[in-house]
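# Report on the structure
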Amino acid sequence: MKTKLLTILSILTSSILFAQVQDNTLGPSESVSSDTKFGQLIIEMPFGAKLYKANNTNAQEFLANIISSYKGKALLIDFWAIWCKPCIEEMPQSKRLYFEAKDLPIEFIYLCTSYKTSLDNWITKVSILRQPGIHIFVEDKLESEVADSFSKGGFPNYLFINAKGECKPEAITRLTSNTDIKRTLELYNK
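Residues numbered from 1 in each chain as written. Predicted model: local features only at pLDDT ≥ 70, side-chain atom pairs only at ≥ 80, totals over all residues. Heavy atoms only, no water.

When the terminal C-alpha atoms of helix H3 (residues 85–100) are compared, their 24 Å separation across 16 residues agrees well with the 22 Å that a helix rising 1.5 Å per residue should span. At Met91, H3 shows its largest kink, close to 35°, and the proline Pro92 lies no more than four residues downstream. Three or more residues of H3 are buried, namely Cys87, Glu90, Met91, Ser94 and Leu97. In this fold, the buried residues of H3 make contact with strand E4 (74–80), strand E5 (106–113), helix H4 (119–129), strand E7 (157–161) and helix H6 (181–188). (Helix = DSSP H or I, 4+ residues; strand = E, 2+ residues; numbered from the N terminus. Expected span 1.5 Å × (residues − 1). Bend = angle between axes of the 7 residues up to and from the residue. Buried < 20%, exposed > 50% of the residue type's maximum accessible area, 1.4 Å probe, protein only. Contact = heavy atoms within 4.5 Å.)

The structure is reproduced here in structure tokens:
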């Protein structure tokens, strides 16, 4: 009963957030409409998530724009889909790592594919997950190009880019309770 009630509450909260996005009734500190090098900011969520829709571009330019936007920071890029069960199962570990790394020079970026989903469904899913970080809704073709350029296929998948902008695809393969973000930074951020 308690689980069912929490699920209903989560869905209602997500619906309210989604309605506010659609109606543009969020206050100035919560709703921002601006462009970045990699996309348009749709909304900032109260739990620390910023949601963007990717610009139409190619994979190389898209990735270069993300790296330059977070210069001097390492990046953990999570390739995921809202319909991917393993992706959803690993999100709690990602949230744990996010909070463990709060004071570290790393940015968590979530690239969600448009394949078999819509922008509206993605916003709702991020609201339900309450996953902090930078979330970017990416057209399927662009997401595939970015992943393929690092031999990263399927979901979930992770790409670590160190503070120098060097890609280290081998750094993280799965997020588990043993994943240590501080250790990853030590090993791959040189």
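Attention now moves to the state of the cysteines. The final tally for this structure, using the stated rule, is one disulfide. The disulfide bridge from Cys84 ends at Cys87, spanning 2.5 Å between sulfur atoms. Because the sign of the S-S torsion sets the handedness, a value of about 80° for the bond joining Cys84 and Cys87 places this disulfide among the right-handed ones. Cys87 supplies the cysteine sulfur nearest to Cys112, a cysteine that is in no disulfide, at a spacing of 8.3 Å. Cys112 gets classed as buried once you look at its relative accessible area, which sits at 0%. (Disulfide = S-S within 2.5 Å.)

Going from Phe155 to Pro156, the amide bond is cis rather than trans, its omega being -15°. Within the fold, Pro156 resides in the loop between helix H5 (140–148) and E7. Even without being a glycine, Lys116 presents a positive backbone phi close to 60°. On the accessibility criterion, Lys116 (63% relative accessible area) is exposed. At Arg130, a position not held by glycine, the phi torsion is positive, near 55°. Note that Arg130 resides in the loop between H4 and strand E6 (133–138). Assessed through its relative accessible area of 38%, Arg130 is described here as partly exposed.

That is the geometry; function is a separate question.
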